[in-house]
Amino acid sequence: GTSTFKTLNIGRFYLNGSDLESHHIVLLLQHATDNTYLDEISIHGITFDEHTASALLSLMGTRPRKWSKISFHFCHGEGLRILSAPVLIECIRIKNCSMGIQDYKALGLNLQLNNMLTKLELFEEAMRGSEIGQALEEGLSITRSLQTLEFSYCSLDEGAIQSLAHGLSMNKSLTNFQCPGCEFEDAQVALLANSLLEHPELRHLKMFRNHCGEQGASAIASMLAVRSDDHQHHRLSSLDLSYQQFERAKRLDVGLLASCLTGNTTLKELTLSFNKLNDADVELLAMGLRENYSLTKLDLRANNIRDNGAIAIAEHLLPHSALRQLYLFGNPFRNEGSVSLLKAIQNNF
């Protein structure tokens, strides 16, 4: 059915090569070059050899214009090396490909050469050693197009984290940084947050499911704080710190965050769900947000908020805030807290 590429306006090519012979993969990739509409490729389950890698490189090199997206899922071998070629791609997504040093070097080179790359997503990859970190560090420090960088459920050792932080500190283009499920320790969360402290464009920070404690909360609070010498210093519009310390006895230090929220004018969304927050934590947060007129979404799902915490929200937060969305599902407050919330909502428009 390779003639299909000549007769249909196919924009996306999904190739699952787990049950295909190498020469079949080559044949499909070769015939895909005939389709002038093709701008997205998703490759799944291929162990690239010299022939399949060459066929993919030939396909990618046939476009004078940019590709919208290329995805590698459960791929191995030399296929990812095509990223070192001067190919224009807007989004690169790599999941569970057991990337090696040469793959990371190719990716780092793409960050440097590809001035169309706006999104890089890595899922369930391991980054071990400073050499791997340095490959990404160089790319992050040079790119001027990358806006979204995501490491989801990736495993980074200390050397890779140090290099990543240094690369982030030199980057000037990111607007969105996400590292959910990476199990970063408190000091590592602080290191990454401090590396982004002076970032000129960062708007969205997602650190879901890590181990942010006092050091991390203090560093993130600094990102939210207003400085007298630069009123535009605080730029974050969304912050996700849900599921912190999710397997440990410690809890997220909300007091450090709350103290910086009063004068903040840019944060629109704050997610603190699944953090074991108690009534005292929520009262601190509500007091900190009492004179905050920018936050429109607050997510406090699945904490330990009881009646006193719900009453604090009703008394200090709801009458004064600009909130449009408040999530309290999964908290054990009862009638007294519920009635207080409902009464406060009547005066919040």
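Right above here is the structure, for reference.
In this report, the structure presented in the accompanying data block is examined. (Residues numbered from 1 in each chain as written. Predicted model: local features only at pLDDT ≥ 70, side-chain atom pairs only at ≥ 80, totals over all residues. Heavy atoms only, no water.)

### So, the overall build of the chain
Then, in step 1: Each helix and strand counted, the chain has 12 helices and 16 strands in total.
Then, in step 2: In terms of its C-alpha atoms, the chain occupies a principal-axis envelope of roughly 70 × 40 × 35 Å.
Then, in step 3: The buried share of the chain, taken over its 349 residues, is 51%.
Then, in step 4: Within the chain, counting contacts between residues at least 6 apart in sequence, those at least 24 apart form 79% of the total.
Then, in step 5: As presented, the chain carries roughly 15,600 Å² of accessible surface, and 48% of it is formed by carbon and sulfur atoms. (Helix = DSSP H or I, 4+ residues; strand = E, 2+ residues; numbered from the N terminus. Buried < 20%, exposed > 50% of the residue type's maximum accessible area, 1.4 Å probe, protein only. Contact = heavy atoms within 4.5 Å. Areas by Shrake-Rupley, 256 points an atom, 1.4 Å probe, with all protein chains shown as cover.)

### Focus: the packing of helix H6 (residues 158-170) against helix H7 (residues 186-195)
Then, in step 1: It is the contact of H6 with H7, at a shortest axis distance of 8 Å, that shows an interaxial angle of 20°. When the axes of H6 and H7 are compared, the pair comes out roughly parallel. The two elements H6 and H7 meet at a crossing, and its hand is right-handed. Between H6 and H7, the residues in contact are Glu158, Ile161, Gln162, Leu164, Ala165, Leu168 and Ser169 and Gln188, Leu191, Leu192 and Ser195, respectively.
Then, in step 2: Its residues placed into classes, the contact of H6 with H7 shows 6 nonpolar, 4 polar and 1 charged. (Axes fitted to C-alpha atoms, helices over the stretch in contact; angles between N-to-C directions. Parallel < 35°, antiparallel > 145°, perpendicular 65-115°, else oblique. Left-handed = near helix turned anticlockwise from the far one by under 90°. Nonpolar A, V, L, I, M, F, W, Y, C, P; charged D, E, K, R; others polar.)

### Some remarks on the pairing of strand E6 (residues 91-95)
Then, in step 1: Where strand E4 (residues 69-73) and E6 come together, 4 bridges link them in parallel fashion. Pairing of His73 across the sheet is with Lys95, part of E6.
Then, in step 2: Two strands pair when backbone bridges link them, and E6 and strand E7 (residues 119-123) are joined in this way by 5 bridges, in the parallel orientation. Bridge pairing links Cys91 to Lys119 in E7.
Then, in step 3: What joins E6 to E7 is helix H4 (residues 101-113), and the crossover it makes is right-handed. (Pairing = 2+ DSSP bridges. Right-handed = clockwise from strand over helix to strand, strands pointing away.)

### Quick word on the sheet that holds strand E1 (residues 12-16)
Then, in step 1: Strand order in the open sheet formed by 12 strands is E1-E2-E4-E6-E7-E9-E11-E12-E13-E14-E15-E16, with parallel pairing between adjacent strands. Each edge of the open sheet carries a strand with a single partner, namely E1 and strand E16 (325-327). With strand direction ignored, the average angle separating the axes of adjacent strands in the sheet is 5°.

### Describing the environment of Glu78
Then, in step 1: With respect to the helices, strands and loops of the structure, Glu78 is situated in the loop between strand E5 (76-77) and E6.
Then, in step 2: Of the residues examined, Glu78 reaches a relative accessible area of 42% and is grouped as partly exposed.
Then, in step 3: Considered as a pair, Glu78 and Phe48 are 30 residues apart in the sequence and their alpha carbons are 5.5 Å apart.
Then, in step 4: Ignoring any residue separated from it by four or fewer positions in sequence, one finds Glu78 in contact with Phe48 and Ala53.

### Structural notes on the pairing of strand E9 (residues 148-152)
Then, in step 1: In terms of residue burial, E9 counts as a mostly covered element, since 5 of its 5 residues are buried.
Then, in step 2: Burial along E9 is two-sided: the face carrying Thr148, Glu150 and Ser152 and the face carrying Leu149 and Phe151 are both buried.
Then, in step 3: Both E7 and E9 contribute to a ladder of 5 bridges, which runs parallel. Note that in E9 the partner of Leu120 across the bridge is Leu149.
Then, in step 4: With 3 bridges connecting them, E9 and strand E11 (residues 176-178) associate as parallel partners. Across the sheet, residue Thr148 finds its bridge partner in E11, namely Asn176.

### Digging into the side chain of Ser71
Then, in step 1: Tracing the backbone shows Ser71 in strand E4.
Then, in step 2: Leave out the neighbours within four places in its chain, and Ser71 touches Ile41, Ser42, Ile43 and Arg93.

### Considering the pattern of salt bridges
Then, in step 1: Taken as a whole and judged by the stated rule, the model has 7 salt bridges.
Then, in step 2: The residue Arg81 makes a salt bridge to Asp103 at a minimum N-O spacing of 2.9 Å. In this pair, Arg81 sits in the loop between E5 and E6 while Asp103 sits in helix H4, placing the two residues 22 residues apart along the sequence.
Then, in step 3: Residue Asp103 is classed as buried on the basis of its relative accessible area, which comes to 7%. (Salt bridge = Lys/Arg side-chain N within 4 Å of Asp/Glu carboxyl O.)

### Digging into empty space enclosed by the protein
Then, in step 1: Tallied over the full model, the rule gives 2 cavities of 30 Å³ or more.
Then, in step 2: In this structure, the second largest cavity occupies an estimated 40 Å³ of space.
Then, in step 3: Lining the second largest cavity are Met127, Ile132, Gly133, Leu136, Glu137, Leu156, Ala160 and Leu164.
Then, in step 4: Counting residues per element, the ones that place at least two in the lining of the second largest cavity are helix H5 (130-142) and H6.
Then, in step 5: If one sorts the elements of the lining of the second largest cavity by residue count, H5 sits on top with 4 residues.
Then, in step 6: Among the residues making up the lining of the second largest cavity, the classes are represented as 6 nonpolar, 1 polar and 1 charged. (1 Å grid on protein atoms, 1.4 Å probe; cavity = no way out; pocket = protein on both sides within 12 Å on 5 of 7 lines; lining within 4 Å. Points joined across faces, edges and corners; volume = space filled by probe spheres on them.)

### Points about the environment of Glu183
Then, in step 1: Following the sequence through the fold, Glu183 ends up in the loop between E11 and H7.
Then, in step 2: Residues Glu183 and Leu241, spaced 58 residues apart in sequence, show a C-alpha to C-alpha distance of 13 Å.
Then, in step 3: Of note is the side chain of Glu183, whose polar atom sits 2.5 Å from the side chain of His211. (Polar contact = N/O pair within 3.5 Å; in protein donor to acceptor, adjacent residues only side chain to side chain.)

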